[in-house]
Amino acid sequence: MQLGMIGLGRMGANMVRRLLRDGHECVVYDVDPAAVQTLAHEGAVPASSPQEMAAKLATPRALWMMVPVAYVDDTIATFAPLLEPGDILIDGGNTRYHDDIRRARELAAGHIQYVDVGTSGGVWGLERGYCLMIGGETETVQHLEPVFESLSPATDSVPPTPGRTAGGSAERGYLHCGPHGAGHFVKMVHNGIEYGLMAAYAEGMNILRHADEGLRTRDADGETTPLEHPEHYQYELPIAEIAELWRRGSVIGSWLLDLTASALAKDPELDNFAGRVSDSGEGRWTVQAAVDAGVPVHVLTAALYARFSSRDRAEFADKLLSAMRFEFGGHREK
């Protein structure tokens, strides 16, 4: 197929490379001309402006947007006037599904098709392939299947699920999840789960790191909880080696654990990181959807709040706790 790619950042550029490798023609555009030229040298068709991109794409055009969520509406506003009835706009970023529903309705007035594709794979997607969660009209999604086939992982990238009847696109790494917004809804929950998994690994590793608490000298005062059995915490554990160990035969093995082991091998003390963990929205939206549906999500909510706390968003509350302790008991901060 021929596809236009708008946005050539870490994921967009590698998606183009994967498509080129599979024989597709990609017309590429980015606000950074250098990014366009880099891919032009690798075989993509460069476009220096939205107008040039529209002119170089044959109808019905298919344009895939890989831009930050804050710029999607602006990007649509730029490109939609250049399109014709039957053309397709695809949003592969981490958009909130509410916006998909609105955008699909607005674009339908001009008979422009809209498809939302939750895209997972990160910087490893070029080699591993991308997991694609798709929302939109069936006929439009089917038209784009050659692109989805090329972007998604090979069928044999994981063993078949025992007891499952073979067949279906999910085995090939992509799935038409439902109407407009369904793809990003599934990706939203996917990322909410990701928050929880990451928090579980991080918290567990942190317990291992502090298993030597009994070897440390604690202050003996009214502000410090005594360690009742120091002899129970005499372990100086090799955290990086344990992460490597758990990759083999453990029930908590995963690609995320593989990446954790890789990070610890490169930087055992994690000195290159400050520990301020960002959230790009999906975790919040997952929790909000759970509230709307009355579904308890204890782990996912705690993981989201932990990210807020990592960015000093609990600082005032923590100061107030210290202030209250001082007011009622004269307790001074250590």
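Please refer to the structure higher up on the page.
Residues numbered from 1 in each chain as written. Predicted model: local features only at pLDDT ≥ 70, side-chain atom pairs only at ≥ 80, totals over all residues. Heavy atoms only, no water.

What is the right way to read the packing of helix α9 (residues 182–209) against helix α11 (residues 255–266) from this model?
The relative placement of two packed helices is expressed as an angle between their axes plus a distance between the axes. At a minimum axis distance of 11 Å, the contact between α9 and α11 shows a crossing angle of 45°. Considered as vectors, α9 and α11 are oriented oblique to each other. Seen from above, α9 lies across α11 with right-handed handedness. Packed against α9, whose contacting residues are Leu 197, Met 198, Tyr 201 and Met 205, the element α11 presents Leu 256, Leu 257 and Thr 260 at the interface. (Axes fitted to C-alpha atoms, helices over the stretch in contact; angles between N-to-C directions. Helix = DSSP H or I, 4+ residues; strand = E, 2+ residues; numbered from the N terminus. Parallel < 35°, antiparallel > 145°, perpendicular 65-115°, else oblique. Left-handed = near helix turned anticlockwise from the far one by under 90°. Contact = heavy atoms within 4.5 Å.)

Just to check I follow, could you spell out the packing of aromatic side chains for this structure?
Each aromatic ring pair is summarised here by two numbers: the centre-to-centre distance and the angle between the ring planes. Summed over all chains, the structure comprises five aromatic pairs. Residues Tyr 29 and Phe 79 carry aromatic rings whose centres are separated by 6.0 Å and whose planes lie at 65° to one another, so their mutual orientation is edge-to-face. Placement of Tyr 29 in strand β2 (residues 25–29) and of Phe 79 in helix α4 (residues 72–79) is noted, with a sequence separation of 50 residues between them. Given the relative accessible area of 13%, Tyr 29 is considered buried. A relative accessible area of 2% means that Phe 79 is categorised as buried. Ring centres of Tyr 97 and Phe 185 lie 4.8 Å apart, and the angle between their planes is 80°; on these two criteria the pair is classed as edge-to-face. With Tyr 97 in helix α5 (residues 97–108) and Phe 185 in helix α9, this pair connects stretches of sequence that are 88 residues apart. Chaining the aromatic ring pairs together yields one cluster made of Trp 64, Phe 148 and Tyr 174. (Phe/Tyr/Trp six-rings, centres within 6.5 Å; stacked < 30°, edge-to-face > 60°. Buried < 20%, exposed > 50% of the residue type's maximum accessible area, 1.4 Å probe, protein only.)

Sorry if this is basic, but what is going on with the sheet that holds strand β5 (residues 88–91) here?
Whenever strands of a sheet pair, they do so through backbone hydrogen bonds, lying parallel or antiparallel. Reading across from one edge, β3-β2-β1-β4-β5-β6-β7-β8 is the order of the eight strands in this open sheet, with mixed pairing throughout. What marks the edges here is a single partner per strand, and that holds for β3 (45–46) and β8 (174–178). On the sheet, α4 packs against β1 (2–6), β2, β4 (62–65), β5 and β6 (113–120) and is oriented at approximately 155° with respect to β4. Across the sheet, α5 is in contact with β5 and β6; its angle to β6 comes to roughly 150°. (Pairing = 2+ DSSP bridges.)

Looking at this structure, I do not really get the side chain of Arg 307. What am I missing?
Mapped onto the fold, Arg 307 is located in helix α13 (residues 298–310). Despite its burial, Arg 307 remains without a salt bridge, the nearest opposite charge being carried by Glu 194 at 5.1 Å. If sequence neighbours within four positions are ignored, Arg 307 has contacts with Tyr 195, Met 198, Val 277, Ser 278 and Asp 279. (Lys, Arg positive; Asp, Glu negative; His and termini not counted. Salt bridge = Lys/Arg side-chain N within 4 Å of Asp/Glu carboxyl O.)

Explain unusual backbone geometry here, please?
Following Thr 59, the chain continues into Pro 60 via a peptide bond in cis, with omega recorded as -5°. On the secondary structure map, Pro 60 appears in the loop between α3 (50–56) and β4. With a phi angle near 60°, His 111 is a residue other than glycine that sits in the positive phi range. Position of His 111 relative to the elements: it lies in the loop between α5 and β6. Residue Leu 270 is not a glycine yet carries a positive backbone phi of 55°.

I keep staring at the nonpolar core and nothing clicks. Help me out?
The tendency in soluble globular proteins is for nonpolar side chains to be buried side by side. Judged by nonpolar contacts, the single largest core of 30 residues is most densely connected at Met 5, Leu 8, Val 16, Val 28, Trp 64 and Phe 148. Aside from chain neighbours lying at most four places away, what touches Phe 148 is Trp 64, Val 117, Leu 132, Ile 134, Val 141 and Tyr 174. By size, the runner-up hydrophobic cluster in this structure holds 19 residues, among which are Tyr 29, Phe 79, Leu 107 and Ile 112. (Core = buried A, V, L, I, M, F, W, Y, C linked by side-chain atoms within 4.5 Å.)

Honestly, a nonpolar patch on the surface in this entry has me stumped. Any pointers?
Together, Phe 316, Leu 320, Leu 321, Met 324 and Phe 328 give the surface a local cluster of nonpolar side chains, amounting to about 580 Å² of exposed area. Looking at the element boundaries, Phe 328 is found in helix α14 (residues 315–329). (Patch = residues over 30% accessible without salt bridge, like charges linked within 9 Å, V, L, I, M, F, W, Y side chains within 5 Å. Areas by Shrake-Rupley, 256 points an atom, 1.4 Å probe, with all protein chains shown as cover.)

It is not clear to me how the pattern of salt bridges should be interpreted in this structure. Could you clarify?
Within the structure shown, the criterion is met by 26 salt bridges. Across the salt bridge formed by Arg 21 and Glu 127, the nearest N and O atoms sit 3.5 Å from each other. Of this pair, Arg 21 sits in helix α1 (residues 10–21) while Glu 127 sits in helix α6 (residues 125–128), and the two are 106 residues apart along the sequence. Overall, the relative accessible area of 58% leaves Glu 127 in the exposed class. One salt bridge in this structure joins Asp 258 and Arg 247, with 2.8 Å as the shortest N-O distance. With Asp 258 in helix α11 and Arg 247 in the loop between α10 (239–246) and α11, the pair connects residues that are eleven residues apart, well separated along the chain. Overall, Asp 258 belongs to the partly exposed group, its relative accessible area being 27%. The network of salt bridges with shared partners includes Asp 73, Asp 91, Asp 99, Arg 102, Arg 103 and Glu 106.

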